[in-house]
Amino acid sequence: ASGDIDLDGKVEVVFLTDSELVVLDVNNSLESDGSKRWPMYGHDAQRTNCANCQVDTVTGLEPSFGPSSVSFAAPWPNPSSGNSVFSYQLQVRATVSLDVFDARGRRVRTLVKEEQEPGDYQVGWSGEDNAGSKVSSGQYFGRLLVRGGTFAEQHTRKLVITH
């Protein structure tokens, strides 16, 4: 990308490397390399997504091509009286969000929102919302959103809560 990002009236060019964001000041003198570098804290390893940002909207994803990098099992037990376990497996390091939504599509609880290494994961849900109150009986959906350098996958599993 390019533009006057520091508002000095001169054009800067911005690009990403594997580990940092680089800004080149095109109109800088030859005595200086004209670059500024800094790490991108709060972002995933591939710099494709902000792991620490607050996101309260559900959005579509571009389809990924090739074999899946994620498996997401049905929650167990199902139906449940409140305590359930979501299990998933990652093939690569990725930013992971695991949220529970009600039948109207409202986020009830955020269970995971972090960058994770490849491996097997089990996450328990006690049947409570983000405020700590027990949810009512009904249908809920666990949504696993996984983003890596070359893929973005979304998987949803239905869970029935009975009291």
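Residues numbered from 1 in each chain as written. Predicted model: local features only at pLDDT ≥ 70, side-chain atom pairs only at ≥ 80, totals over all residues. Heavy atoms only, no water.

Draft legend 1. Representation of the side chain of H155 within the structure. Assignment of secondary structure puts H155 in strand β11 (residues 152–161). Look at H155 and you get buried, because its relative accessible area is 17%. A polar side-chain atom of H155 sits 2.8 Å from a polar atom in the side chain of E153. (Helix = DSSP H or I, 4+ residues; strand = E, 2+ residues; numbered from the N terminus. Buried < 20%, exposed > 50% of the residue type's maximum accessible area, 1.4 Å probe, protein only. Polar contact = N/O pair within 3.5 Å; in protein donor to acceptor, adjacent residues only side chain to side chain.)

Draft legend 2. Structural context of the pairing of β11. Pairing between strand β10 (residues 138–147) and β11: 10 bridges, direction antiparallel. Bridge assignment links R143 to a residue of β11, and that residue is T156. Between the end of β10 and the start of β11, which pair antiparallel, lie four residues. (Pairing = 2+ DSSP bridges.)

Draft legend 3. View of the pattern of salt bridges. For the coordinates displayed, the defined rule picks out five salt bridges. Close ionic contact of D99 with R107 constitutes a salt bridge, the shortest N to O distance being 3.3 Å. Note on D99: relative accessible area 3%, which makes it buried. Among the ionic pairs, D99 bridges to R143, the shortest N-O distance being 3.4 Å. Of the two residues, D99 sits in strand β7 (residues 94–102) while R143 sits in strand β10, which places them 44 residues apart along the sequence. Assigned by exposure class, D99 and R143 land together as buried. Bridged by salt links that share partners, the residues R93, E115 and E117 form one connected network. (Salt bridge = Lys/Arg side-chain N within 4 Å of Asp/Glu carboxyl O.)

Honestly, it's all geometry; don't read function into it.
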